[in-house]
Amino acid sequence: MSLQLINGIFVFIIGTVFGSFYNVVGYRVPNNMSISFPASHCPNCNHKLKFYELIPIFSYIFLRGKCFKCKEKISLFYPFFEFLTGISFLLSYIVFGFSFEFLIAITFLSILIIITISDLKYYIIPDEVLIVGIILIIVENIIRIIFSDISIMDGLIFPLLSALASFLTLYLFKLFGDFVFKKESLGGGDIKLLFFIGLVLGYDMSIVTIFIASFIALPLSVVTLIKENKNVIPFGPYLSFSAAIILLLKLNLNLLLSIFTA
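Rules behind the numbers
Per chain, residue numbering runs from 1 following the sequence as it is written. Per-residue local features are limited, in this predicted model, to residues with pLDDT of at least 70; the limit for side-chain atom pairs, both in listing and counting, is 80 or more; totals at the level of whole chains, interfaces and linings are taken over all residues. As a rule here, side-chain values cover all heavy atoms of the structure and leave hydrogens and water aside. In the cavity and pocket records, a cavity denotes points on a 1 Å grid over the protein atoms alone where a 1.4 Å probe fits but cannot get out, a pocket denotes an open set with protein on both sides within 12 Å along at least 5 of 7 lines, and lining residues are residues with an atom within 4 Å of a point. Grid points are joined across faces, edges and corners, and a volume is the space filled by probe spheres set on the points. A run of DSSP states H or I qualifies as a helix once it reaches four residues; a run of E qualifies as a strand once it reaches two. Both are numbered from the N-terminal end. Here the term charged refers only to Asp, Glu, Lys and Arg, the term nonpolar to Ala, Val, Leu, Ile, Met, Phe, Trp, Tyr, Cys and Pro, and the term polar to all other amino acids, Gly among them. A 1.4 Å probe rolled over the protein chains alone gives each residue an accessible area, and that area as a share of the maximum for its type sets the label: buried under 20%, exposed over 50%, partly exposed in between.

**Q** Could you give an account of the layout of surface pockets, with specific residues and numbers?
**A** Considering only enclosed or pocket space, the largest pocket measures out at about 1,100 Å³ in volume. At the level of elements, α6 (152-181), α7 (188-201) and α8 (203-228) are the ones that each hand at least two residues to the lining of the largest pocket. By residue number, the principal contributor to the lining of the largest pocket is α8, which donates eight residues. In terms of residue class, the lining of the largest pocket is made up of 19 nonpolar, seven polar and five charged. If you add up the space inside the second largest pocket, you get close to 730 Å³. Lining the second largest pocket are 31 residues; nearest its centre among them are H41, P43, L49, I74 and Y78. Broken down by secondary-structure element, the contributors of at least two residues to the lining of the second largest pocket are α1 (3-28), α2 (58-62) and α3 (77-96). Among the elements that take part in the lining of the second largest pocket, α1 stands out by supplying six residues, more than any other. For the lining of the second largest pocket, the residue count by class is 18 nonpolar, eight polar and five charged.

**Q** So what's going on with unusual backbone geometry? Residues and values would help.
**A** Residues other than glycine seldom take positive phi values, yet Y123 does so here, at roughly 55°. Following the sequence through the fold, Y123 ends up in the loop between α4 (100-122) and α5 (127-147). Overall, Y123 belongs to the partly exposed group, its relative accessible area being 37%. In this structure, K250 is a non-glycine residue whose phi angle is positive, near 55°. Accessibility expressed as a relative area gives 46% for K250, which makes it partly exposed.

Take a look at the structure:
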């Protein structure tokens, strides 16, 4: 077994463990609950989960998707996001190797996953999660500047300016949408999320993120509106998915222009 394969398996397993924690954060933070207390438990019968009930993915399979005590069904939501986080970590390792870029990538994707969980469940993008993500990315960029040849302008100033420009651009989109539709077209959390996305991807690709997310969201939103009769659609997951694709495929504006002009 090669070292790269061993590293990949290790990274995936670590990712699933973090994914289990992200499920907790995505559920508790929007409800103003502590992420550490009480201990993980069944929301139906309050059964405190044993260690063997907390193993990512495998516990769900072992328990056959039901609570060990009350037999209440466990949502597929939980193992899905554990697996998704593991895959996100693994892809980050494949694309970036063990590097500063890998550290930034898993931080970025982790925050996007937590936001997706929260927005899908409660239509909320918690400020606390975004603030932690922004601080972590800034600190990681500063460390990268110290230990590499990247200038403070390229590693910190430009990303912050890109984040601000991304935020202002989506805010203008929101004002235009509010005017056209005579109601709130975008939530404040989506606009703040684009600040975070712009911080990592840069201004140009944050704008591309908006268009990709809108392209994906439109048909799915129409189906949801018809089937479930909902008039509110969480946009954060679409922004997050689009940003993740751009990051992992290393897309940039020049590459996209060359593809469409070829």
